[in-house]
Each structure stands twice: as structure tokens, then as C-alpha cells.
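Residue-level structure breakdown
Spelled out, the chains give:
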Amino acid sequence: MRVRFTKLQGAGNDFVVLDETQGLLGLNAAQYRFLADRHFGVGADQILSVRPAPAEGLDFEYVIHNADGGEVEHCGNGARCFVRYVRDKGLTDRDTVRVKVKHGVIGLTLGTDGRVTVDMGAPVFEPDRVPFEPGDLQPQPAGDFETWPLPLAGGAVAPVAVLSMGNPHAVLLVPDVDAAPVAEWGPQIENHGCFPQRVNAGFLQVLGRDRVRLRVYERGAGETLACGTGACAAVVAGIRQGLLGERVDVQMRGGLLTIEWTGRPDAPVKMTGPATTVFEGEIDIPDLT
């Protein structure tokens, strides 16, 4: 099967975008893995599918597959690339669109400066909705929040703040992200038994009440240059722990995102950042199982 694609990136988090507005391609997990493969396919952190609106009041449906072929709930950087794609391709002339994702609806706005703001919805803190199963772990107070002492290999303990931004996140405060054990601890946190659907592991360094640095080991993708939902989760965790203000610049290895949250549990998190087309092309996707 030959398909057209567009490669986009948001703060270094890169995506293959497929137009399925005229019909579903019917790809399976192995074919999504092929597209994401940086040696044999196009190469991407995730594959984004643009599909028709499933209901009135919506503009599109947005479906996300990780590099490992699995479907996931949400991707903030991908959402920004999504709205850039549908505008550039003439699929809509609106500056703001409403899009269905796996577990809800998000709003995306293309600004006059070319940056995209995403209404990421309100964070989720209830453990069973993350989902997070702490078992015998005892939470430790941290401001207006708590951290959970995750036991890791070799007797190490990672005190993580746990929440969902439509997908699960565990956020760990570190003194220096450059020296943080992302490669060692990231996969252990991702696959920890307390997270039945695995988890994204964020390593957060606070520079001031309005500035942080962040690295994220993403579920199903490994460490990426940027993670939009990870940036949102990190800022929310920092605000609830009393460390951050309501507007925070998040510096990741791929670029800068701005996150805003009032601190009210039911208030939406707003994320603003870049979205850029890299190239377009066609690729033959083999029959794979």
C-alpha cells in the first residue's frame, strides 16, 4: 500500500501525519511501527491520524499511535502539529478547532505568531483514573499534593507526583536534569507495577517560579526531545507542591513550551508552543502482521 504522509515536529517531538478524512487506511500495529522506524520507515516518535468529525460540534477526530504501534490517549505536541496540518492542507479555515481524542475533546488555536495553543483539559488526580495502583506505598505530603516513593532496582527510591493529562504521568523533582538518571530510571518507572497501563516519566528541575527544565521518558517511545502532556503534568505537579506560579516556561531539549494553569482542580491547562512542517512524501507500506 502506498500512502502520502507529512512529517511535522513540535519542539523536536516529531510526527508522521496521515490524512484519513476520505477513508481509513486500516493500518495495524506492525505497520505503525514500520512508519515510525528511523531506519526502514519515515521515522517519528508517534503517528497521527486525521479523521472526520464523529459528532456535531466537532471538527475532526485525532488518533495517536506510539512508535511501538500501540494507540495512546493524548499527545500535546502532536495536537499542535495536528492543527498546523489541517490548516496548511486546507481541511479547515478556522483558527480554533475542536477535536475528539481517545478520552475526550480538546480545543486547538493557531495564533497570529504561528504558535499553537492547546486547551489540554483539566488534570486528573484520582489514582484509579490515572490509573495508578499504589498498593502498600504511603504518600508523602508535598505542599498541596503528595509524592509516592516508588521502589526501583538496587534499592533506589523515586518520589514521584502522579497525575493524568489524558495519559498517565509520574513527575520526579531533580536538582539537575542533565545529570538525572533518565536512561536508567525512565524505563523502570514506565513499566512499574503500580501503573497498569504504564506511565510517562518526567524529570523536573525548577529554576524559578516561572522557569523549569524537563526531560521525559515517554511510554512506548523512550526519551523524546519534548513532551507536551509531560510539560503540562510537570507544571501542574510543581504548582500543587507550591514551587511554581500560574504561567511557566518549560525548556526541553527540543525547545520551549509555555504552560498555564490557575491551580483550580477543575481548570483547564493551556499549552502554547511551535509546530513546523519538515517534509512531505509517499511511502510503500508492506503487508505486516
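This text follows the structure it describes.
Residues numbered from 1 in each chain as written. Predicted model: local features only at pLDDT ≥ 70, side-chain atom pairs only at ≥ 80, totals over all residues. Heavy atoms only, no water.

1. A short note on the pattern of salt bridges
Across all of its chains, the model carries 23 salt bridges by this definition. Across the salt bridge formed by Arg87 and Asp95, the nearest N and O atoms sit 2.4 Å from each other. A relative accessible area of 26% means that Arg87 is categorised as partly exposed. With a relative accessible area of 43%, Asp95 lands in the partly exposed category. Connected through salt bridges with shared partners, the residues Asp176, Asp178, Arg213, Arg215, Glu223 and Arg253 form a single ionic network. (Salt bridge = Lys/Arg side-chain N within 4 Å of Asp/Glu carboxyl O. Buried < 20%, exposed > 50% of the residue type's maximum accessible area, 1.4 Å probe, protein only.)

2. Some remarks on the side chain of Arg219
Residue position: Arg219 is located in the loop between strand 14 (211-218) and strand 15 (222-224). A residue is classified by how much of its surface remains accessible, and Arg219, at 6% relative accessible area, is buried. Contacts of Arg219, omitting those with residues within four sequence positions, involve Asn66, Val72, Glu73, Asn167, Pro168, Glu190, Gln197, Arg198, Val199 and Asn200. (Helix = DSSP H or I, 4+ residues; strand = E, 2+ residues; numbered from the N terminus. Contact = heavy atoms within 4.5 Å.)

3. Let's talk about the packing of aromatic side chains
Applying the stated criterion across every chain, the model contains seven aromatic pairs. Taking the centre distance of 6.0 Å and the plane angle of 85° together, the rings of Phe5 and Phe279 count as edge-to-face. Remark: Phe279 occurs in strand 19 (residues 276-284) and Phe5 occurs in strand 1 (residues 2-10); sequence separation between them is 274 residues. Classification of Phe5 by relative accessible area gives buried; the value is 6%. (Phe/Tyr/Trp six-rings, centres within 6.5 Å; stacked < 30°, edge-to-face > 60°.)

4. With respect to helix 2 (residues 76-88)
Since one α-helical turn is 3.6 residues long, residues separated by three or four positions face the same way. Along its 13 residues, helix 2 runs 19 Å from first to last C-alpha, staying within 8% of the 18 Å computed at 1.5 Å per residue. By the criterion of burial, helix 2 is predominantly enclosed, with eleven of the 13 residues buried. Regarding helix 2, the residues found buried are Gly76, Asn77, Gly78, Ala79, Arg80, Cys81, Phe82, Val83, Arg84, Tyr85 and Val86. Immediately downstream of helix 2, the backbone of Gly90 shows phi near 75°, a positive value. (Expected span 1.5 Å × (residues − 1).)

5. Concerning the layout of surface pockets
Within this model, the largest pocket holds a volume of roughly 280 Å³. For the largest pocket, the lining is made up of 20 residues, of which His103, Val124, Ser164, Met165 and Gly166 are closest to its centre. Across the lining of the largest pocket, the residue classes tally to ten nonpolar, eight polar and two charged. (1 Å grid on protein atoms, 1.4 Å probe; cavity = no way out; pocket = protein on both sides within 12 Å on 5 of 7 lines; lining within 4 Å. Points joined across faces, edges and corners; volume = space filled by probe spheres on them. Nonpolar A, V, L, I, M, F, W, Y, C, P; charged D, E, K, R; others polar.)

6. Examining the pairing of strand 16 (residues 247-252)
Side chains Val248, Val250 and Met252 project from strand 16 onto a buried face, and the interleaved Arg247, Asp249 and Gln251 project onto a face without burial. Strand direction decides the pairing type here: strand 14 and strand 16, joined by three bridges, are parallel. Paired with Arg211 across the strands is Asp249, a residue of strand 16. Bridge count between strand 16 and strand 17 (residues 255-260): six bridges; the pairing is antiparallel. By the bridge assignment, Met252 is partnered in strand 17 with Gly255. In textbook terms, the turn of a hairpin is the stretch between consecutive antiparallel strands, and for strand 16 and strand 17 this stretch comprises two residues. (Pairing = 2+ DSSP bridges.)

Bear in mind that shape data such as this cannot, by itself, settle questions of function.
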